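Summary of structural features
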Amino acid sequence: MPTRREFVGAFAGTAALAGLRPARVQAQGLQQGTAQTIDSWPSRSVRVISPTGTGGPGQNFRFYADQLKDKFGQSFVLENMPGGSGSVGCMAVARAAPDGHTLLLASNSHIVLAPLVLTNSPVNVKKDFVPIALMFTFPFLLLVNAGLPVRTVKELVAYAKARPGELNYGSPGVGTGGHLVTELLVKRTGIDAVHVPYQATTQQMLAAAAGTRHLAPGEPLL
């Protein structure tokens, strides 16, 4: 039987802004000497957990699901499991039976950034996971509520500096790429804005659209 370290992996990579380097997980082969153990894999449907809410870039995995089913003869079912800046979904995979039938669809937010930023993070990337494929990359976009009288970054910075502490921005969670890349923008431009974390990309984008948040990092579907 294949082990967790052979199959459980991080599928998604994100292209981050400015000083945050992309976590581009390169496709890796199986560990040397294990090829003969995977002839019968998968023997049933494969559970693919995305540690964030519905509607974000992870939904792009659905584009691959039919192709994977055709190739391996079993269904690959995407399940969203948000919470704890991705740690809830990550730990569900880490604690699953090590039979290769539970995979993690994670970005650099979940397996690189959050464990470095969050105190006592339960995620141990080196111990619990091995990357097996890069599925896709995506950029961060800066979204601003349409009601603000700004149309460029320069105008936004000037508007925010004239109103220190009055603006806020959303993110998909503390320690995620969306949080850190927006905080980097805030620090480098001298803006004084309040961070408000959510559990999913779509939640904070909708909040920005509704006007309850002024800014938000957008992560588009491909």
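Structure report, in brief. (Residues numbered from 1 in each chain as written. Predicted model: local features only at pLDDT ≥ 70, side-chain atom pairs only at ≥ 80, totals over all residues. Heavy atoms only, no water.)

What about the side chain of Thr176?
- Within the secondary structure, Thr176 is located in the loop between β5 (167–171) and α7 (177–189).
- For Thr176, a relative accessible area of 3% gives the class buried. (Helix = DSSP H or I, 4+ residues; strand = E, 2+ residues; numbered from the N terminus. Buried < 20%, exposed > 50% of the residue type's maximum accessible area, 1.4 Å probe, protein only.)

A look at helix α3 (residues 87–94)
- Of all eight residues making up α3, six are buried, and the element is well covered by its neighbours.
- Considered for burial, the residues of α3 that qualify are Ser87, Gly89, Cys90, Met91, Val93 and Ala94.

What about the packing of helix α4 (residues 108–117) against α7?
- Packing of α4 against α7 leaves a shortest axis separation of 9 Å and a crossing angle of 65 degrees. Together, Ser109, Leu113 and Val117 of α4 and Gly177, Gly178 and Leu180 of α7 make up the contact between the two elements.
- Tallied by class, residues from the contact of α4 with α7 come to three nonpolar, three polar and no charged. (Axes fitted to C-alpha atoms, helices over the stretch in contact; angles between N-to-C directions. Contact = heavy atoms within 4.5 Å. Nonpolar A, V, L, I, M, F, W, Y, C, P; charged D, E, K, R; others polar.)

With respect to the pattern of salt bridges
- This model, assessed by the stated rule, comprises three salt bridges.
- Note that Arg44 is salt-bridged to Asp99, the shortest N-O span being 2.6 Å. Here the residue Arg44 occupies a position in the loop between α1 (4–7) and β1 (46–50), and Asp99 occupies one in the loop between α3 and β3 (102–104), the gap between them amounting to 55 residues. (Salt bridge = Lys/Arg side-chain N within 4 Å of Asp/Glu carboxyl O.)

What about the nonpolar core?
- If you look at the biggest cluster of nonpolar residues, it comprises 14 residues, and the most contacted ones within it are Val46, Val48, Phe61, Phe76, Leu78, Leu105 and Met135.
- Secondary structure elements with two or more residues in this core: β1 and β2 (76–80).
- Aside from chain neighbours lying at most four places away, what touches Val48 is Phe61, Phe76, Val77, Leu78, Glu79, Leu103 and Leu105.
- One finds Leu148, Val157, Ala160 and Leu215 within the second-largest nonpolar core, a separate group that totals twelve residues. (Core = buried A, V, L, I, M, F, W, Y, C linked by side-chain atoms within 4.5 Å.)

Considerations on the pairing of β2
- Covered by surrounding structure in β2 are Phe76, Leu78 and Asn80 only, the residues Val77 and Glu79 on the alternate face being uncovered.
- Inspection of the sheet shows β1 paired to β2 by five bridges, in the parallel sense. Each residue of the ladder has a partner; that of Arg47, found in β2, is Val77. (Pairing = 2+ DSSP bridges.)

Topic: helix α8 (residues 201–210)
- Regarding α8, the residues found buried are Thr201, Gln204, Ala207 and Ala208. Here the buried residues of α8 occupy an arc of 135 degrees about the axis, which is enough to place them on one side. Among the exposed residues of α8, those oriented more than 90 degrees off its buried face are Leu206, Ala209 and Ala210.
- Looking at the buried side of α8, the elements it contacts are β5 and β7 (215–218).
- The positive-phi residue at the C-terminal boundary of α8 is Gly211, with phi of around 95 degrees. (Arc of directions from axis to C-beta.)

Here we look at the packing of aromatic side chains
- On inspection of all chains with the given rule, the structure shows three aromatic pairs.
- Between Trp41 and Phe72, the aromatic rings sit 5.2 Å apart at their centres with planes inclined by 70 degrees, giving edge-to-face as the arrangement. Taken as a pair, Trp41 in the loop between α1 and β1 and Phe72 in helix α2 (residues 62–72) lie far apart in primary sequence, 31 residues in all.
- Of the residues examined, Trp41 reaches a relative accessible area of 13% and is grouped as buried.
- Using a relative accessible area of 31% as the deciding quantity, one classes Phe72 as partly exposed.
- Residues Phe72 and Phe76 carry aromatic rings whose centres are separated by 5.9 Å and whose planes lie at 50 degrees to one another, so their mutual orientation is tilted. (Phe/Tyr/Trp six-rings, centres within 6.5 Å; stacked < 30°, edge-to-face > 60°.)

Side note on the side chain of His179
- Relative to the elements of secondary structure, His179 occurs in helix α7.
- Among the residues examined, His179 registers a relative accessible area of 12% and is labelled buried.

Some remarks on the environment of Phe72
- Spatially, the C-alpha atoms of Phe72 and Trp41 are 7.9 Å apart, while their sequence positions differ by 31 residues.
- Leaving out residues up to four positions away in the same chain, Phe72 has contacts with Trp41 and Pro42.

Some remarks on a nonpolar patch on the surface
- Judged by side-chain polarity, Val112, Leu116, Val117 and Val174 come together as a nonpolar surface patch covering roughly 320 Å² of accessible area.
- Position of Val112 relative to the elements: it lies in helix α4.
- By relative accessible area, Val112 is classed as partly exposed at 35%. (Patch = residues over 30% accessible without salt bridge, like charges linked within 9 Å, V, L, I, M, F, W, Y side chains within 5 Å. Areas by Shrake-Rupley, 256 points an atom, 1.4 Å probe, with all protein chains shown as cover.)

Side note on the sheet that holds β3
- Across the sheet, three strands lie side by side as β2-β1-β3; this open sheet has parallel pairing. Strands with a single pairing partner mark the edges of an open sheet, and in this sheet they are β2 and β3. The average undirected angle you get between the axes of adjacent strands in this sheet is 30 degrees.
- Relative to β3, β1 runs parallel, the two being bridged by three bridges. When the bridges of β3 are listed, Ile49 appears paired with Leu104.
- Most of the contacts of α3 go to β3, to which it runs at about 145 degrees, and overall it touches β1 and β3.

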